[in-house]
Structures are given as structure tokens and as C-alpha cells.
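# Observations on the model geometry
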Amino acid sequence: MANNEKILVVEDEERIRRLIRMYLERENYEVEEAEDGETGLLLALEQDFDLILLDIMLPGKDGIEVCKGIREKKDTPVIMLTAKGEETNRVQGFEVGTDDYIVKPFSPREVVLRVKALLRRSSAKSFSAADHTTRDLIEFPHLLIDNDAHRVMADEMEVSLTPKEYELLYFLASSPDKVFDREQLLKEVWKYEFFGDLRTVDTHVKRLREKLNKISSEAAKMIVTVWGVGYKFEVKGN
């Protein structure tokens, strides 16, 4: 039985591409391939994919450049494939909008599990109102977060977010007025601890504000910078 979900695999090693494709097709995903960054970016922008598996080391445009190009136009979930010891590149990947990463060498089964997990987080397809007596909603003036459907509404208009942007907003909005430093946010939202550059958080907050601001400046103002500390979600009184 065919699966409507379509995945793009951008990887220059044919053996790895074929292996990933085989395992994903066993799960009935529709798979397209690209062996270099230029082709991968072209396909990602021309077609609508539900998820992209993107190798960081590619001929021509590398995975960082490709992800950056995708994020300028689309919110497609991206999992980056990296080699061991490429921590700096993984940080760069998060900064340009990668949602998750898998370290090589990996088992194909791990890839399938990560793909399924990210698709679940980024899609409301599995949600049925009939199956829920109560909805997991966070409601504020100008902003509504429907966690069952992974949907964000600002002034009654839907906001298109990447899975990681959504998770960041949901995490902050779940604890109004609580201040989180960047290290806490990296640990809780990215499930990733590292020392060094913390711009990953700043970049995502900036993107999140910009997307909210296009629809509702009041919703965007709820994400507040606490100088010298981090960020909080602030709801001003009427």
C-alpha cells in the first residue's frame, strides 16, 4: 500500500542512498534521491516533500548551504546526516534550521525511527478529533497553540513553522513568565548539550518572531529577550 508521505534523500554515497531508500520504501514512503547539493536544493524547492534527509558533506553546495536555501523558501522538516566528530557542523546545521541529526555510521533502522518520529511531530494527519475528549490547547490573546494538531494560530491565521520552531514556541508558552537560559533551551528543545556557540537558540527565536510578526505583532512580542539571561514567554494583562 502506497504512503502519501514523500521523502528526499540527498547523499553523495550511492551505497548509503540505496540502503536508506530500501528501508524507507519498506515502510511505504515515496523516496526521491539526489547525489549532490545543487540537485538536492533544486528538487527540495521545486517539489513538496514531507521530509528531507540531508548529508552535511556534499560535492558543490554542502548540507549547510542546502538547508539554508531550503529555509529561505520552505519549512520542510530536515534531518541532517553527519560524521562523528563534526560537532561544529552540527551546531551550524541547527543554526540554519535543521530539525534533527543522525551521526554516521548509523543503522538504517535508526533512520526509519527518526523519520517516523519527526513526521509525527510535524504532521497533524494522525490527529482525529473523534479520538480526543479534550484538546491539548494553549490559548492567549492573539495566539493559539493546538498541540494535538501541531498547529499555531496568530490572530486566527495559521503560522507555518518548522518542527523545531514549533517545539521552541510550545516549550516557552507552556511556562509563561518563566525565564530560560540558552543552555536550558538547548537541552529541553534540542535534546542536545554542547559547550560553545549558543547562537542556535538566538537564530530560532529570531526566525520565530519574524514569522509571528508577519501575521500578528502582538503575538511576536510575547517572546521576550531577558538581557544577559535568555528568553521568556510573556503575556501582558489586558
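Check the entry above for the structure.
Sequence order sets the numbering: in each chain, residues are counted from 1 along the sequence as written. Totals for whole chains, interfaces and linings use every residue, but because this is a predicted model, local features are given only for residues with pLDDT of at least 70 and side-chain atom pairs only at 80 or more, for both listing and counting. In computing side-chain properties, one takes all heavy atoms of the structure into account and sets aside hydrogens as well as water.

Let's shift gears to the sheet that holds strand β5 (residues 100-104). We treat two strands as partners when DSSP finds at least two bridges between them. Only runs of H or I of at least four residues qualify as helices and only runs of E of at least two qualify as strands under DSSP, and these elements are numbered from the N terminus. Spatial ordering of the open sheet is given by β2-β1-β3-β4-β5, a layout of 5 strands whose pairing is parallel. Either end of the sheet is taken by a strand with one partner, and the two such strands are β2 (30-34) and β5. Taking the axes of each pair of neighbouring strands and ignoring which way they run, one obtains an average angle of 20° across the sheet. Where strand β1 (residues 6-10) meets strand β3 (residues 51-55), 4 bridges bridge the pair, whose relative direction is parallel. Each residue of the ladder has a partner; that of I7, found in β3, is L51. The axes used here are C-alpha line fits, helices contributing only the stretch in contact, and every angle between their N-to-C directions lies in the interval 0 to 180 degrees.

We now examine the layout of surface pockets. A 1.4 Å probe that fits into a set of points on a 1 Å grid over the protein atoms alone but cannot get out defines a cavity; an open set with protein on both sides within 12 Å along at least five of seven lines defines a pocket, and lining residues are those with an atom within 4 Å of a point. Grid points are joined across faces, edges and corners, and a volume is the space filled by probe spheres set on the points. Here the second largest pocket defines a volume of roughly 290 Å³. Lining the second largest pocket are 18 residues; nearest its centre among them are K164, E167, V189, W190 and K191. Among the elements of the structure, β5, α5 (108-122), α6 (163-173) and α7 (182-189) are those that each provide at least two residues to the lining of the second largest pocket. Considering each element in turn, the lining of the second largest pocket owes the most residues, 5 residues, to α6. Domain delimitation in this document rests on an assignment produced automatically or drawn from a domain database. Residues lining the lining of the second largest pocket come from more than one domain, with at least three contributed by each of domain 1 (6-124) and domain 2 (137-233).

At a minimum axis distance of 10 Å, the contact between α6 and α7 shows a crossing angle of 115°. In this structure, α6 meets α7 at a crossing whose hand is right-handed. For the pair α6 and α7, the contacting residues are K164, E167, L168, F171 and L172 in the first and L185, E188 and V189 in the second. Take the far helix as the reference: if the near one is turned anticlockwise from it by less than a right angle, the crossing is left-handed, and if turned clockwise, right-handed. By definition in these notes, contact holds between two residues if any of their heavy atoms fall within 4.5 Å.

We now examine helix α3 (residues 63-71). Buried means the residue's accessible area, taken with a 1.4 Å probe over protein chains only, is under 20% of the maximum for its type, while exposed means over 50%, and partly exposed covers the values in between. Along α3, 7 of the 9 residues are buried, which leaves the element largely enclosed by surrounding structure. Within the span of α3, buried status applies to G63, I64, V66, C67, G69, I70 and R71. Nitrogen and oxygen atoms within 3.5 Å of one another constitute a polar contact, given that in protein one can donate a hydrogen and the other can accept it, and given that sequence-neighbouring residues count only through two side-chain atoms. Capping the start of α3, D62 holds a side-chain oxygen 3.1 Å from the backbone nitrogen of I64, two or three residues further along.

Below, the discussion takes up the packing of aromatic side chains. Two rings from Phe, Tyr or Trp (for Trp, the six-membered ring) form a pair when their centres are within 6.5 Å of each other. A pair whose planes differ by under 30 degrees is stacked, one over 60 is edge-to-face, and the rest are tilted. Counted by the stated rule, this structure contains 5 aromatic pairs. When the centroid spacing of 6.1 Å and the interplanar angle of 15° are considered together, the rings of Y166 and Y170 count as stacked. One end of the pair, Y166, and the other, Y170, are both in helix α6, 4 residues apart, so they sit about a helical turn from each other. Judged by its relative accessible area of 22%, Y170 falls in the partly exposed class. Each ring is checked for a lysine NZ or an arginine CZ that lies within 6 Å of its centre and within 35 degrees of its normal; such an atom marks a charge sitting over the ring. The ring of Y23 carries R26 above its face, with NZ or CZ at 4.7 Å from the centroid.

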